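Structural overview
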Amino acid sequence: MTTIDTVVIGAGHAGLAVSRLLTGAGRDHVVVDRGRIGERWRSERWDSLRLLSPNWMTRLPHWEYDGSKPDGFMSSAGFVQHLERYAQSYGAPVLTGTTVRDLVTAHSGGYRLVTDRGTWSTRQVVIATGPHGVANVPDGLDAAEVVTASSYRNPGQLPPGGVLVIGASSSGAQIADELNRAGREVYLAAGRHTRIPRCYRGRDIFCWLQRTGRLARTIEEVPDPVAARREPSMQLVGRRTGERARNLDLVTLQANGVRLLGRFEGMKGTQARFRPDLAATAADADVRMHRLLDAVDDYIACTGLTGEVLPAVRPPALVAPAAARVVDLSRAGIATVVVATGYRPEYPWLRLPVIGPDGHIRQNRGVTAAPGVYVVGQRFQYRRDSAFIGGARHDAAAVVQHLLTGRIAARADGCSAEPAA
């Protein structure tokens with residue numbers, strides 16, 4: 001058995017952020033990962049995927065994007081290289097190809113971490129495996145080949161024929177768009193989603209989200225923390241530098257020939273059933289989008305930026321098609337169902353009383369009920385931007401501060417509006 005002060009589980013951006021801060025503090029630690037650095041970005045992303053946030057937002061402790069395209073969007077492969085350079089910059093003590101089997105309380109105090117490459121005795125553990133566990137796959141989909149968003153790679157991977165995409169948040173919308181542009185007949189079942197323009201008044205939407213303080217909003221400042229953590233991801237697509245900013249929403253998908261449906265309800269034989277709620281769901285998304293854009297307009301007016309930005313032009317509302325309650329997959333020529341309805345947490349190796357009824361790790365700013373056990377990389381862990389690459393650095397700083405001192409300073413990560421990058 002190997003004894004070490006701290007073990008970080010997961011070598012993605014959140015785990016490496018913690019590791020960098022521990023290294024700076026001189027804390028003995030190791031980072032273990034079942035695969036390689038940034039494994040999910042290597043093996044669970046489609047080929048054409050780019051980050052939704054612009055490169056200038058890719059900030060980690062003591063490490064920022066320094067390339068020539070700050071307004072561009074990194075590819076998955078480019079981001080993996082970014083993480084590898086980050087790890088090399090401080091000699092990250094990463095042990096790859098190491099699968100965690102058990103994390104239990106040790107009789108002598110601290111914790112025992114059992115892996116397929118040995119056992120560790122440690123005082124502190126930081127769980128940085130991210131919010132994704134296993135894909136949510138609706139029951140009854142054995143009537144067609146099912147591909148999850150994490151296993152989808154490109155249109156050529158799928159058998160000939162039409163495709164039903166279930167889920168219209170960022171992954172589902174992007175996959176439906178790619179399949180449509182590849183000439184496939186695409187049906188898209190849309191549940192609750194977050195509509196947002198790629199650019200507004202001449203600037204990327206993330207510029208406004210940061211300037212207005214939306215990204216820094218904390219979980220303590222929202223009326224319903226549970227709902228905030230379940231908020232659907234944004235309907236956005238990363239664009240290459242030099243290309244015209246392109247919105248990706250139900251309006252543009254429908255205009256390009258994607259057939260829109262309401263929320264998927266289930267299967268009966270080869271018949272897929274849908275709720276007749278598309279118009280209402282789209283209208284609700286528009287209400288929330290306009291509320292955000294109203295706040296941006298108010299910010300522009302109050303800060304005297306009106307003359308420096310473009311006039312306000314809002315995205316048009318969806319003219320929803322007649323509600324289709326049933327689609328026979330066989331008759332419609334649909335050979336594949338792509339499921340992009342999110343993930344549910346899975347920690348089969350975690351033998352500590354830190355998991356709530358919903359399967360998520362219970363935490364307060366990354367601190368769990370088990371002394372010395374922390375978590376980073378959760379959705380809206382504390383700030384709204386916790387789910388984004390750059391936001392994880394705030395959670396990492398809070399966790400490492402508590403790990404080193406036993407306390408977290410109030411609002412230590414700064415929650416006021418930040419200047420635009």
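In this report, the structure presented in the accompanying data block is examined. Given the structure is predicted, the values throughout are model-derived calculations rather than measurements.

Brief notes about the pattern of salt bridges
Enumeration over the complete set of coordinates arrives at 21 salt bridges. Note that Asp5 is salt-bridged to Arg123, the shortest N-O span being 2.7 Å. One end of the pair, Asp5, is in strand 1 (residues 2–9); the other, Arg123, is in strand 8 (residues 118–127), and 118 residues separate them in sequence. Judged by its relative accessible area of 48%, Arg123 is partly exposed. Salt-bridge contacts for Glu44 lead to Arg40; the nearest nitrogen and oxygen are separated by 2.8 Å. When salt bridges that share partners are traced, they join Arg201, Asp294, Asp297 and Arg314 into one network.

Looking at the packing of helix 1 (residues 13–24) against helix 9 (residues 392–405)
Contact pair helix 1 / helix 9: the axes reach a minimum separation of 9 Å and the direction vectors enclose 45°. For the element pair helix 1 / helix 9, the angle class is oblique. Crossing hand, helix 1 versus helix 9: right-handed. Of the residues in helix 9, those in contact with His13, Ala14, Ala17, Val18, Leu21 and Leu22 of helix 1 are Ala392, Ala396, Ala397, Val400 and Leu403. Looking at the contact of helix 1 with helix 9 residue by residue, the class counts come to 10 nonpolar, 1 polar and no charged.

Regarding helix 3 (residues 76–89)
Look at helix 3: 20 Å from first C-alpha to last across 14 residues, which is about the 20 Å you get at 1.5 Å a residue. Of the positions making up helix 3, those classed as buried are Ser76, Phe79, Val80, His82, Leu83, Tyr86 and Ala87. Angularly, the buried residues of helix 3 cover 155° about the axis, an arc narrow enough to put them on a single face. Packing partners of the buried residues in helix 3 comprise helix 1, helix 2 (39–43), strand 3 (59–60) and strand 4 (63–64). Trailing helix 3 by a residue or two, Gly91 shows a phi angle of about 65°, which is positive.

Here's the deal with the sheet that holds strand 11 (residues 162–166)
Taken together, 5 strands build an open sheet; the order of strands is 10-21-11-12-17 and the sheet is parallel. Single-partner strands in this sheet number two, and they are strand 10 (145–148) and strand 17 (259–261). Mean inter-strand twist for the sheet, computed between neighbouring axes without regard to direction, equals 20°. Bridge count for strand 12 (residues 186–189) against strand 17 is 3 bridges, and the pairing is parallel. Each residue of the ladder has a partner; that of Ala189, found in strand 17, is Leu261. Of the strands in this sheet, strand 11, strand 12 and strand 21 (334–339) touch helix 4 (residues 170–181), which is tilted by about 170° from strand 12.

Structural notes on the packing of aromatic side chains
One pass over the structure, following the stated rule, counts 7 aromatic pairs. For the pair Tyr86 and Tyr90, a centre-to-centre distance of 5.6 Å together with 65° between the ring planes defines the contact as edge-to-face. As far as the burial class goes, Tyr86 and Tyr90 line up, both buried. The interplanar angle of 65° and the centroid separation of 5.9 Å between the aromatic rings of Phe264 and Phe274 together place this pair among those described as edge-to-face. Residue Phe264 is found in strand 18 (residues 264–268), and its partner Phe274 is found in strand 19 (residues 271–274); the two are separated by 10 residues along the sequence. Taken individually, Phe264 and Phe274 each receive the classification buried, so the pair is uniform in this respect. In this structure an aromatic cluster arises from ring pairing among Trp63, Tyr86 and Tyr90. Its guanidinium or amino end placed over the ring of Trp41, Arg45 lies 4.5 Å from that ring's centre, counting from NZ or CZ. Positioned above the aromatic ring of Tyr382, the side-chain terminus of Arg365 is 4.0 Å from the ring centre.

Cut-off values and rules
Residues numbered from 1 in each chain as written. Predicted model: local features only at pLDDT ≥ 70, side-chain atom pairs only at ≥ 80, totals over all residues. Heavy atoms only, no water. Salt bridge = Lys/Arg side-chain N within 4 Å of Asp/Glu carboxyl O. Helix = DSSP H or I, 4+ residues; strand = E, 2+ residues; numbered from the N terminus. Buried < 20%, exposed > 50% of the residue type's maximum accessible area, 1.4 Å probe, protein only. Axes fitted to C-alpha atoms, helices over the stretch in contact; angles between N-to-C directions. Parallel < 35°, antiparallel > 145°, perpendicular 65-115°, else oblique. Left-handed = near helix turned anticlockwise from the far one by under 90°. Contact = heavy atoms within 4.5 Å. Nonpolar A, V, L, I, M, F, W, Y, C, P; charged D, E, K, R; others polar. Expected span 1.5 Å × (residues − 1). Arc of directions from axis to C-beta. Pairing = 2+ DSSP bridges. Phe/Tyr/Trp six-rings, centres within 6.5 Å; stacked < 30°, edge-to-face > 60°. Lys NZ or Arg CZ within 6 Å of the ring centre and 35° of its normal.

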